Amino acid sequence: MAKTVPIIGIETRELRWLRMLVALLRHPDPSVPELARQALLYLTDAAGNRTVSKPEPLDHAG
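Each value, and the rule that gives it
Residues numbered from 1 in each chain as written. Predicted model: local features only at pLDDT ≥ 70, side-chain atom pairs only at ≥ 80, totals over all residues. Heavy atoms only, no water. Patch = residues over 30% accessible without salt bridge, like charges linked within 9 Å, V, L, I, M, F, W, Y side chains within 5 Å. Areas by Shrake-Rupley, 256 points an atom, 1.4 Å probe, with all protein chains shown as cover. Salt bridge = Lys/Arg side-chain N within 4 Å of Asp/Glu carboxyl O. Helix = DSSP H or I, 4+ residues; strand = E, 2+ residues; numbered from the N terminus. Buried < 20%, exposed > 50% of the residue type's maximum accessible area, 1.4 Å probe, protein only.

Colleague: Can you help me understand a nonpolar patch on the surface in this one?
Modeller: Residues L25, L40, Y42 and L43 make up a contiguous nonpolar surface patch of roughly 410 Å² in combined accessible area. With respect to the helices and strands, L25 occurs in helix α1 (residues 15–25).

Listed below in structure tokens is the structure:
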């Protein structure tokens with residue numbers, strides 16, 4: 001019987017993505033987990049370097 005572990009901060013709709021990620025990381029072909037790992041590193045780096053745009057102030061005078 002499989003045991004489950006609750007993950008704090010994970011929403012129910014995100015569980016399928018986590019299952020897919022775990023399946024990729026456990027794949028028997030060694031290139032698949034390596035590619036998944038590199039993709040995660042890329043996404044982590046890209047998320048850290050993004051800039052958040054600030055909304056333009058509204059001009060109520062014109």
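Here the narrative resumes, following the displayed structure.
Colleague: When you look at the environment of I8 in this model, what are you seeing that I'm missing?
Modeller: By the secondary structure assignment, I8 is in the segment before α1. Of the residues examined, I8 reaches a relative accessible area of 87% and is grouped as exposed. It is 23 Å that separates the C-alpha atoms of I8 and D45, two residues lying 37 residues apart in sequence.

Colleague: Explanation requested: the pattern of salt bridges in the structure shown.
Modeller: When their charged atoms lie close together, side chains carrying opposite charge are able to pair. Per the counting criterion, the structure on display carries two salt bridges. Here R13 makes a salt bridge to E11, at a shortest N to O gap of 3.0 Å. Here R13 falls in the exposed class, since its relative accessible area comes to 62%. Between E34 and R37 there is a salt bridge, and its shortest N-O distance comes to 2.7 Å. With a gap of three residues between them, E34 and R37 both fall in helix α2 (residues 31–49), about one helical turn apart. Owing to a relative accessible area of 30%, E34 belongs among the partly exposed residues under this scheme.

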